[in-house]
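Structural description and commentary
So you can see what is in the structure, the chains are spelled out below.
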Amino acid sequence: MDNMTPEDLKARVSEIKWHHSIDLGSGIVTPGQDNSPKKLQRLKLPASFAGKSVLDIGAWDGFFSFEAERRGAKRVLATDSFVWRGGCDWADKSGFDLSKAVLASRVEEKEIDVLDLSPENVGTFDVVFFLGVLYHMKHPLLALEKVASVARDFLVLETAVDMLDYKRPAMAFYRGDDVGRDFTNWCGPNPAAVIAMLKTVGFGKVEIVAGLRSPLFRLAKGAYYRRKWGHQFWSTVRTDRIVVHAWK
Ligand SMILES: C[S@@+](CC[C@H](N)C(=O)[O-])C[C@H]1O[C@@H](n2cnc3c(N)ncnc32)[C@H](O)[C@@H]1O
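A few points on the structure. Being a predicted model, the structure only gives us computed values, none of them experimental. (Residues numbered from 1 in each chain as written. Predicted model: local features only at pLDDT ≥ 70, side-chain atom pairs only at ≥ 80, totals over all residues. Heavy atoms only, no water.)

1. Structural notes on the pairing of strand S5 (residues 151–161)
Burial analysis of S5 places 9 of its 11 residues in the buried class, which makes it a mostly covered element. Direction of pairing for strand S4 (residues 125–131) relative to S5: parallel, over a ladder of 6 bridges. Paired with Leu131 across the strands is Glu158, a residue of S5. Following the chain from S4 across helix H6 (residues 140–149) to the adjacent parallel S5, one finds a crossover that is right-handed. As judged from the 8 bridges shared by S5 and strand S9 (residues 240–247), these two strands associate in the antiparallel manner. (Buried < 20%, exposed > 50% of the residue type's maximum accessible area, 1.4 Å probe, protein only. Helix = DSSP H or I, 4+ residues; strand = E, 2+ residues; numbered from the N terminus. Pairing = 2+ DSSP bridges. Right-handed = clockwise from strand over helix to strand, strands pointing away.)

This is the structure we're talking about:
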C-alpha cells in the first residue's frame, strides 16, 4: 500500500460497501453503518491483550480483529463465512482485505462457518470474540458449543436480545425478515437465556457488562431505525443489545 496516495485510498474506500467504521489514517474513516468505536466502548475490553491469542468470529470488515492486534495480541485470527463467501449482495470481504493491507496488519484470516469451528480446524484461543453473530444462528446452542470448544479462557459476546418481559430463559424465533428486515436473523434470546446457554456450554462465570437500555431509548431507536432503514417499529422496540463477558 506504500504507493497509494490518500486520494487513491479515498477512491478505493468509496467503491466498497462497509459495515465497520475503521480509521485507515490520513483522515480517512471507512463509512460503515456501524458506529464501531461506540460499540467498542460498550464491549469493555481489557486495555491490553499482550501475549494473548484472539479469535474473532464473524469479523466482517475486521474492526475488532484490528483492535485486538492494536492492543498487543500476539496472534489474531479473523473468521467469517456468510459475508466473506459472498452470501449477500450488500457486502463482501473487500473491506477486510483493504483495511488489512492499509493497516499493514498481521491478523490471520480463515473463511469458516461457526458450526465448523473446532480445536482441530482452528486451534484454541485465550480470548474469543463472538460479536453480533448469535442471533444469526439457526442453532444457537449448538453454535455456542462450537464457540466454547475453541475458547480456552475468556469470551466476549455481544448480541441482540428479545423476550425482555420474561425473567426466565426464553428465546424468540424469527421467520423471514421479521426483525430488522434481515432474513439472516433467526433468534432473539433474552439475557437470562444467553447466561443459561453460556453456562450450559461450559462457562463457569458469566457477567453482563453492558445491559438493557431504558424503554424510552428503545422507542427512540425504533423511530430512528424506521425512518433510516424502514425497519419494523415494534420489533425494534421489543429488542435491545447486551454485552457479556464469560470465563471458563
Ligand atoms: C452483524 S455482523 C457482525 C460483525 C462484527 N462481528 C461486529 O460485531 O460488528 C454478523 C457477521 O457474522 C457473520 N456470520 C453470519 N453467519 C455466520 C456463520 N454461520 N458462520 C460464520 N460467520 C457468520 C456474517 O458474515 C457477518 O460478518
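2. Points about the pattern of salt bridges
Applying the stated criterion across every chain, the model contains 12 salt bridges. Between Lys93 and Asp97 there is a salt bridge whose closest N-O contact spans 2.6 Å. Residues Lys93 and Glu109 are paired through a salt bridge, measuring 2.5 Å at the closest nitrogen-oxygen approach. Residue Lys93 is found in the loop between strand S2 (75–80) and helix H4 (94–102), and its partner Glu109 is found in strand S3 (residues 108–111); the two are separated by 16 residues along the sequence. On the accessibility criterion, Lys93 (16% relative accessible area) is buried. Within the structure, one salt-bridge network assembled from shared partners comprises Lys93, Asp97, Lys100 and Glu109. (Salt bridge = Lys/Arg side-chain N within 4 Å of Asp/Glu carboxyl O.)

3. Details of the packing of helix H1 (residues 6–14) against H4
Axis separation between H1 and H4 bottoms out at 11 Å; the angle between their running directions is 160°. What the angle tells us is that H1 and H4 run roughly antiparallel. Judged by the twist between their axes, the crossing of H1 over H4 is left-handed. Residues Leu9, Arg12 and Val13 of H1 form the contact with H4, whose own contacting residues are Ser94, Leu98 and Val102. Its residues placed into classes, the contact of H1 with H4 shows 4 nonpolar, 1 polar and 1 charged. (Axes fitted to C-alpha atoms, helices over the stretch in contact; angles between N-to-C directions. Parallel < 35°, antiparallel > 145°, perpendicular 65-115°, else oblique. Left-handed = near helix turned anticlockwise from the far one by under 90°. Contact = heavy atoms within 4.5 Å. Nonpolar A, V, L, I, M, F, W, Y, C, P; charged D, E, K, R; others polar.)

4. Looking at the site of the ligand
Looking at the ligand, there are 19 residues lining it, with His20, Lys39, Gly58, Asp80 and Leu131 nearest. For the ligand, an oxygen atom lies 2.8 Å from a polar atom in the side chain of Lys39. When the ligand is considered free in solution it has 590 Å² of accessible area, and contact with the protein chains removes 92% of it. Residues of the shell around the ligand, tallied by class, amount to 10 nonpolar, 6 polar and 3 charged. (Near = heavy atom within 4 Å. Polar contact = N/O pair within 3.5 Å; in protein donor to acceptor, adjacent residues only side chain to side chain. Areas by Shrake-Rupley, 256 points an atom, 1.4 Å probe, with all protein chains shown as cover.)

5. So, the side chain of Ser65
Along the chain, Ser65 turns up in helix H3 (residues 63–70). By relative accessible area, Ser65 is classed as buried at 0%. In this structure the side chain of Ser65 is engaged in a polar contact, spanning 2.7 Å, whose partner is the side chain of Asp56. When residues no more than four places from it in sequence are discounted, the contact partners of Ser65 are Asp56, Ala59, Val76, Ala78 and Val107.

6. Some points on the packing of aromatic side chains
This structure, assessed with the given rule, holds 9 aromatic pairs. Centroid distance Tyr225 to Trp229: 5.1 Å. Interplanar angle 75°. Geometry classified as edge-to-face. One end of the pair is Tyr225 and the other is Trp229, both in helix H8 (residues 215–229) and 4 residues apart, which spans about a single turn. Of the residues examined, Tyr225 reaches a relative accessible area of 26% and is grouped as partly exposed. Ring plane angle 75° and centroid distance 4.9 Å describe the contact between Phe233 and Trp234, whose orientation is recorded as edge-to-face. Following the ring pairs from residue to residue traces out a cluster consisting of Phe66, Trp84 and Phe96. Of note, Lys205 hangs over the ring of Trp247, and the distance from its end group to the ring centre comes to 4.4 Å. Of note, Lys248 hangs over the ring of Phe203, and the distance from its end group to the ring centre comes to 5.5 Å. (Phe/Tyr/Trp six-rings, centres within 6.5 Å; stacked < 30°, edge-to-face > 60°. Lys NZ or Arg CZ within 6 Å of the ring centre and 35° of its normal.)

7. Some remarks on H8
Each α-helix turn comprises 3.6 residues. Residues three or four places apart therefore point the same way. Under the 1.5 Å per step criterion, the end-to-end length of H8 is 21 Å for 15 residues, consistent within 8% with the ideal 21 Å. Among all positions of H8, only Arg218, Lys221 and Gly222 are buried. For H8, the angular spread of the buried residues around the axis is 105°, confining them to a single face. In this structure, H8 carries Leu216 and Arg227 as exposed residues pointing more than 90 degrees from its buried face. Turning to H8, the residues buried within the fold contact helix H9 (233–237) and S9. (Expected span 1.5 Å × (residues − 1). Arc of directions from axis to C-beta.)

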